[in-house]
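Secondary and tertiary structure notes
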Amino acid sequence: MSNFDFSVFNFELLRSFVASGLIFSVQLTFIAMLGGIMIGTLLALMRLSGIKLFEIPARIYVDGLRSIPLVMVILWVYLLIPLFLGRAIGKELSAIVTFTIFEAAYYSEIMRAGIQSIARGQVHAGQAIGLSYAQNMRYVILPQAFRNMLPVLLTQTIVLFQDTSLVYAIGAYDLLHGFETLGKNYGRTVETYLGAAVVYFIICFSLSTVVKQLQKKIAIIR
Amino acid sequence: MNYRWDWQVYLQDTGGGQTYLQWMMSAWGWTIAVAILAWVVALAFGSLIGVLRTVPNKGLQLFGNAWVELFRNIPVLVQIFLWYHVIPALIPPMKTLPSFILVVFALGFFTSARVAEQVRAGIQSLPRGQMMAGSAMGLTLPQTYRYVILPMAFRIILPPLTSEAMNIIKNSSVAFAVSISELILFAMQAQEETSRGIEIYLGVTGLYIVSAFAVNRLMALIEANVRVPGTIGAAK
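Let me begin by describing the structure that accompanies this report. (Residues numbered from 1 in each chain as written. Chains lettered and ligands numbered in written order. Predicted model: local features only at pLDDT ≥ 70, side-chain atom pairs only at ≥ 80, totals over all residues.)

Okay, the overall build of chain A next. A tally of helices and strands in chain A yields eight helices and zero strands. Along its sequence from the N terminus, chain A presents helices and strands in the succession α-α-α-α-α-α-α-α. Counting only C-alpha atoms and orienting by the principal axes, one finds that chain A spans roughly 70 × 50 × 25 Å. Burial status across chain A gives 39% buried among its 222 residues. Residue pairs in contact within chain A that sit at least 24 positions apart in sequence constitute 74% of those at least 6 positions apart. (Helix = DSSP H or I, 4+ residues; strand = E, 2+ residues; numbered from the N terminus. Buried ≥ 20, exposed ≤ 12 C-beta atoms within 10 Å, placed from the backbone. Contact = placed C-beta atoms within 7 Å.)

As structure tokens, this is what we get:
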């Protein structure tokens, strides 16, 4: 206990090693969240369309990705993209692609539950006032589904933020990698792993507290 | 894409007196071993913490809640590094433990927070009358939990526990980070050595899907055998 040395945690070192990692982790989380929710919503609509041609591919996509580890998907994308494009796109971009397609599977299950929770009368009401399928989704169903599922979507985003640490598998420079590099350069890995844990904890704990508050608010609206 | 498949890579010698197929099978064994042992740790601690969060004692509740928040809000990979680098620095005797044991505890404690959350939800989903019926019969609090509350709660939460059991197989993949020779580490190293990444990754992906499916079927079997008579789930 006595030989701990936290002097590596000074502003200069944190800025030069950790800041860029933190920025990448946050970027990755945001892009994967937005892309994942968009693709996920499309997948959910496909699965609920009642048309086999849409339903089956969407189901294979979602169930397939949900049954393999994220690390495996990270490795797959990192291996396949250069084969398809004929050139490497870099670890960071590869990670962004991976997380977007991977999280889409999870967000799609949430959106599917959200859409299914809407009362059937809402669909009928939309049809009765002459809305097309797309209009009905756009103006009646999806806004409600989205709002009901907001806490769950955000909880999944916290999980997503934690999972970004797995880009370790391909060596992308994220928050964890930043702390690790700092620790290795100054021979203080014990302290920096501890530091990484504290930073992840603070971010995730505050976010989940916010989500809990939001959940209470939404519960009242409903 | 005219990719030239070469499945014979699996029969090549790794240079260590075994083929890549044999290596992959032993890696599968490590994955399963980590997952099963971590699941035992997770169930034991998760049930205990889940119960603590429901007992009428503020101190114990607080401890249970703190446990769940601590292990749920740190990424599992970081937790593995904590067990591997930080805890042995704090408690020197732990330096002698093999990394396999550390990973089992890291993954087990991480999952215990999720199990505890399910156990708490299961207990709280029971009508309050169950607890009262227990005390009315003169059972002590531990007895009420043992004979009345837990047998019901565990059956109710079997479906979410199934997904946790499937998750733990997937999450065991982070063990590669501390050089446990499991499937992901095999995939990375064999890809490097043979440059037949697609064939290797397909094999590993297949094994993960088979494992997840096996867990799913096993839990469905358990679920079918312990259904609570008279509930919707039990109606055939």
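From this point, the discussion proceeds with the structure in view.
The subject of this paragraph is the overall build of chain B. Along chain B, the regular secondary structure elements total nine helices and zero strands. Overall, chain B shows an N-to-C arrangement of helices and strands of α-α-α-α-α-α-α-α-α. Principal-axis analysis of the C-alpha atoms places the extent of chain B at approximately 70 × 55 × 30 Å. Within chain B, buried positions represent 39% of all 236 residues. A separation threshold of at least 6 residues defines the contact pool for chain B, and within that pool the share at least 24 residues apart is 72%.

Turning our eyes to something else, we now look at unusual backbone geometry. Residue and element names in this part refer to chain B. The backbone of Ser-179 shows a phi angle near 65°, a positive value even though the residue is not glycine. Its location among the elements puts Ser-179 in the loop between helix 7 (158–171) and helix 8 (183–194). Owing to 11 C-beta atoms within 10 Å, Ser-179 belongs among the exposed residues under this scheme. One non-glycine residue, Ser-195, lies in positive phi territory at about 60°. In this fold, Ser-195 is placed in the loop between helix 8 and helix 9 (197–225).

Next up on the list: the packing of helix 1 (residues 11–48) of chain A against helix 7 (residues 175–186) of chain A. The angle between the axes and the distance between the axes are what describe a pair of packed helices. All names here are of chain A. As a packed pair, helix 1 and helix 7 sit with axes 7 Å apart at the nearest point and diverge in direction by 160°. As the angle between them shows, helix 1 and helix 7 are arranged roughly antiparallel. In this structure, helix 1 crosses over helix 7, and the sense of that crossing is right-handed. On helix 7, the residues that touch Leu-13, Phe-17, Val-18, Ser-20, Gly-21, Leu-22 and Ser-25 of helix 1 are Leu-175, His-177, Gly-178, Phe-179, Thr-181 and Leu-182. (Axes fitted to C-alpha atoms, helices over the stretch in contact; angles between N-to-C directions. Parallel < 35°, antiparallel > 145°, perpendicular 65-115°, else oblique. Left-handed = near helix turned anticlockwise from the far one by under 90°.)

The subject of this paragraph is the interface of chain A and chain B. The interface of chain A with chain B comprises 26 residues on the first partner and 26 residues on the second. Among the elements that make up the side of chain A that touches chain B, the one with the highest residue count is helix 8 (residues 189–221) of chain A (11 residues). Its residues assigned to classes, the side of chain A that touches chain B shows 20 nonpolar, five polar and one charged. (Nonpolar A, V, L, I, M, F, W, Y, C, P; charged D, E, K, R; others polar.)

What follows concerns the nonpolar core. Counting 120 residues, the largest nonpolar core has Ile74(A) and Leu77(B) as its most contacted members. With residues up to four places along the chain from it excluded, the contact list for Leu77(B) reads Ser165(A), Leu166(A), Tyr168(A), Leu176(A), Val174(B) and Ala177(B). (Core = buried A, V, L, I, M, F, W, Y, C linked by C-beta atoms within 7 Å.)

A few words now on the environment of Thr41(A). Locating Thr41(A) in the fold gives a position in helix 1. In this structure the C-alpha to C-alpha distance between Thr41(A) and Phe146(A), which are 105 residues apart in sequence, comes to 9.5 Å.

Below, the discussion takes up the packing of helix 3 (residues 70–85) of chain A against helix 9 of chain B. For the pair helix 3 of chain A and helix 9 of chain B, interaxial distance at closest approach is 11 Å and the crossing angle is 160°. Classified by the angle their axes make, helix 3 of chain A and helix 9 of chain B are roughly antiparallel. The handedness of the crossing between helix 3 of chain A and helix 9 of chain B comes out as left-handed. Counting all contacts with helix 3 of chain A, which are made through Met72(A), Leu75(A), Trp76(A) and Leu79(A), the residues of helix 9 of chain B involved are Gly197(B), Tyr201(B), Val204(B), Thr205(B) and Tyr208(B). Class assignment for the residues of the contact of helix 3 of chain A with helix 9 of chain B results in seven nonpolar, two polar and no charged.

End to end, helix 8 of chain B covers 16 Å across 12 residues, agreeing with the expected 16 Å (1.5 Å per residue, within 8%). Those residues of helix 8 of chain B not exposed but buried are Leu183(B), Ile184(B), Leu185(B), Phe186(B), Ala187(B) and Ala190(B). Check the buried side of helix 8 of chain B and you find it contacts helix 3 of chain A together with helix 1 (20–52) and helix 9 of chain B. Of the residues one or two after helix 8 of chain B, Ser195(B) is the one with positive phi, at around 60°. (Expected span 1.5 Å × (residues − 1).)

Further remarks concern helix 9 of chain B. Look at helix 9 of chain B: 42 Å from first C-alpha to last across 29 residues, which is about the 42 Å you get at 1.5 Å a residue. Inspection of helix 9 of chain B places Gly197(B), Ile200(B), Gly203(B), Val204(B), Thr205(B), Leu207(B), Tyr208(B), Ser211(B), Ala212(B) and Val215(B) among the buried residues, and these make up the whole buried set. Packed against the buried residues of helix 9 of chain B are helix 3 of chain A together with helix 1, helix 7 and helix 8 of chain B.

Residues and elements named next belong to chain A. Within the secondary structure, Gly-126 sits in helix 5 (residues 120–128). Between the C-alpha atom of Gly-126 and that of Glu-12, which follows or precedes it by 114 residues, the distance is 58 Å. If we ignore the near neighbours within four places in the chain, the residues touching Gly-126 are Leu-131, Asn-136 and Val-140.

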